[in-house]
Amino acid sequence: MNFAILGHLMYEGQAEQMPQDWIRDNLVVSPQFSFDGTKGNLIALKLSAKQMVEMPIEQVRQKVLDAAVFAQDEFGAELIQLGALTTSVTSGGKWLIEQKEYTGYANHGDSYTAAVTCQAVLKAINLAGFQPSRLTLAIVGAYGVIGEAVSRILVPQFGHSILIGRKAEKFEKLEKELTGNYETTTDLKTKEADIIVTATNHPTALLKSEHLKKNAIVVDVSQPPNVSPELCKQRQDIIRIDGGFVDFPVKYDLGIPGMPKGKNFACIVEVIMQALENEKANHVGSIDLNHLMKTEKWARKYGFILNELTNFGMPITIPKETR
Ligand SMILES: NC(=O)c1ccc[n+]([C@@H]2O[C@H](COP(=O)([O-])OP(=O)(O)OC[C@H]3O[C@@H](n4cnc5c(N)ncnc54)[C@H](OP(=O)(O)O)[C@@H]3O)[C@@H](O)[C@H]2O)c1
C-alpha cells in the first residue's frame, strides 16, 4: 500500500532550508522512497505552525485536502498520515475521511506516539530510580488526541496527576474514562510536577523557566517543541526528552531536515508500519488502546523502538536520584 506523510513547515522561512528540488508551488514534496515493497512521500504544506493555528480553519482544511488528493492522484497514495498540526485542524483526522474527494485511509500516527511517550516517561523515571507512585505528573494538552491516551495509561500509575487544558468543559469525556488521583485545570500549573508531558498544538515554546520546578523532567512531544533549546541551556537542572522519537534504520533515512540520523518520529513510523502490514483501516480521533498496543507489537517486529532518550536529537543520561 502506498502512503504519504502530510505535514507543514515548523516556522516561516523553513522552505529555504529544505532540499530545493522538493519545492513546488504550494507544497514541499520529497522524492518517493521505498520500504520493502511499499512506497511513500513526505508532503508538507507551505504553512508555518503559527499559520496552521491562526489562519481560518476552513482554508487550512482545504489545503490539507488538496495535498491528500495530490498524493492520491500523483503517487497512488491510499494511506495518509496526518503529521504535526494537520491532526489538530482536521478534528483528529475525522474531517478528512468524510471528504469524498479523498478515497483512501487516514491515520494521525498519534497511537504509537502516545505509546512511545509513555515508554519515555517510565524509562526516565526508572533510570532516575524514582517510583511513579511518589511523583506528581503533569500533562499539558491532556484532552487532545495524544494527551487523552497518555492520561488514560499514566494517571493510574502516578501519586498525583495535574491534567492541563485550555477549556474546562473539554475535560468531561476524559474524566469519565479516568481512574486514579488527579485534578483537571486550565492553569499552567506545571511547577508542581516532577515530570511533565507536553502534547499541545501551541505553535511556539509554551513552557518558561517559571513553569518548571528544580530538576523537573519534561517529555516534550509537541511539534513545534514546547520547551526551547534556550531554556534547556538556561536551566541545566531540568531534563528535556524528545517525545516520539524512535530508532529507524539509517539506510531508509527520509532526509527530514533536523531529524537525527537513525531516528524518526513515532507518528511517521506508525504509518509506515501500517503500510507494511497492508492494514486497510482509518485510525483517526480518540485513540483505541488496543490499536496502540498493536503498534507497539509492530514496532518490535520492525525494530522501530525507543532505545535511547534524546534531547533535540542528542543522547542524554538521567542521573540516579531517589525520591
Ligand atoms: N513527536 C511525534 O512523533 C509527534 C507525533 C504526533 C504529534 N506530535 C505533536 O504532538 C502535539 C499534540 O498532537 P495531537 O494530535 O494530540 O493534537 P490535538 O489533538 O490537537 O491536541 C492538542 C491539545 O493541546 C491543547 N492546547 C493548546 N494550547 C494549549 C495550552 N496553552 N495549554 C494547554 N493545552 C493547550 C489543545 O486544546 P484545545 O482543544 O482547547 O485547543 C488540544 O486539546 C502536536 O504538537 C503535534 O505536532 C508529535
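Calculation rules
Residues numbered from 1 in each chain as written. Predicted model: local features only at pLDDT ≥ 70, side-chain atom pairs only at ≥ 80, totals over all residues. Heavy atoms only, no water. Core = buried A, V, L, I, M, F, W, Y, C linked by side-chain atoms within 4.5 Å. Buried < 20%, exposed > 50% of the residue type's maximum accessible area, 1.4 Å probe, protein only. Helix = DSSP H or I, 4+ residues; strand = E, 2+ residues; numbered from the N terminus. Domains from an automatic or database assignment. Contact = heavy atoms within 4.5 Å. Near = heavy atom within 4 Å. Polar contact = N/O pair within 3.5 Å; in protein donor to acceptor, adjacent residues only side chain to side chain. Areas by Shrake-Rupley, 256 points an atom, 1.4 Å probe, with all protein chains shown as cover. Phe/Tyr/Trp six-rings, centres within 6.5 Å; stacked < 30°, edge-to-face > 60°. Lys NZ or Arg CZ within 6 Å of the ring centre and 35° of its normal. Pairing = 2+ DSSP bridges. Axes fitted to C-alpha atoms, helices over the stretch in contact; angles between N-to-C directions. Salt bridge = Lys/Arg side-chain N within 4 Å of Asp/Glu carboxyl O.

Q: Which residues make up the nonpolar core, and what values do they have?
A: In terms of nonpolar packing, the biggest core is built from 71 residues, with F3, Y112, I241, L254 and I268 touching the most fellow members. Of the residues forming this core, the biggest block, ten residues, is contributed by helix 4 (residues 110-128). If you count residues domain by domain, this core takes at least three from each of domain 1 (3-107 + 249-302) and domain 2 (111-244 + 308-315). If we ignore the near neighbours within four places in the chain, the residues touching Y112 are V246, A266, V269, E270, M273, T295, E296, A299, F304 and I305. The next biggest cluster of nonpolar side chains, apart from the first, holds 28 residues, and it includes A68, A71, L85 and L96.

Q: Run through the site of the ligand, naming residues and quoting values.
A: Near the ligand lie 28 residues; those nearest to it are S88, D110, Y143, R166 and T200. V145 has a polar backbone atom sitting 2.9 Å from an oxygen atom of the ligand. Note that an oxygen atom of the ligand is positioned 2.9 Å from one of the backbone N or O atoms of Q223. Look at the ligand: alone it shows 930 Å² of surface, and the protein chains cover 93% of it.

Q: Describe the packing of aromatic side chains, listing the residues and the values that go with them.
A: For any two aromatic rings, the description comes down to two numbers: the centre-to-centre distance and the angle of the planes. Tallying each qualifying case throughout the model produces eleven aromatic pairs. Centre to centre, the rings of F33 and F35 are 5.6 Å apart; their planes meet at 80°, and the pair counts as edge-to-face. Ring plane angle 75° and centroid distance 5.4 Å describe the contact between F245 and F265, whose orientation is recorded as edge-to-face. Highlighted residues: F245 in strand 13 (residues 245-247) and F265 in strand 14 (residues 263-265), separated in sequence by 20 residues. Connected via pairs of aromatic rings, a cluster forms that spans F3, F33, F35, F248, Y252, Y302 and F304. Over the aromatic face of F312 sits the side chain of R240, whose NZ or CZ is 3.8 Å from the ring centroid.

Q: I'd like a description of the sheet that holds strand 7 (residues 136-140), backed by residues and values.
A: On the basis of which strands lie adjacent, the open sheet formed by six strands has the order 9-8-7-10-11-12 and parallel pairing. Because the sheet does not close on itself, it has two edges, and the strands there are strand 9 (182-185) and strand 12 (239-242). Averaged over all pairs of adjacent strands, the angle between their axes in this sheet comes to 15°, without regard to strand direction. Pairing between strand 10 (residues 195-198) and strand 11 (residues 217-220): four bridges, direction parallel. Looking at the pairing, I195 lines up with I217 of strand 11. Against the sheet, helix 5 (residues 145-154) touches strand 7, strand 8 (160-164) and strand 10, its axis set at about 165° to strand 7.

Q: Talk me through the domain arrangement of the protein chain; I want residue IDs and the actual numbers.
A: Examined at the domain level, the protein chain breaks down into domain 1 (3-107 + 249-302) and domain 2 (111-244 + 308-315). Facing 27 residues of domain 1, the contacting portion of domain 2 comprises 22 residues. Across the domain 1-domain 2 interface, the total number found is one salt bridge. With its nearest N and O atoms 3.0 Å apart, the salt bridge here joins E308 to K263. At the junction of domain 1 and domain 2, the tally comes to nine residue pairs in polar contact (both at pLDDT 80 or more). Those elements giving two or more residues to the side of domain 1 that touches domain 2 turn out to be helix 1 (49-54), strand 14, helix 8 (266-277) and helix 9 (289-302). With six residues, helix 9 is the single largest residue contributor to the side of domain 1 that touches domain 2.

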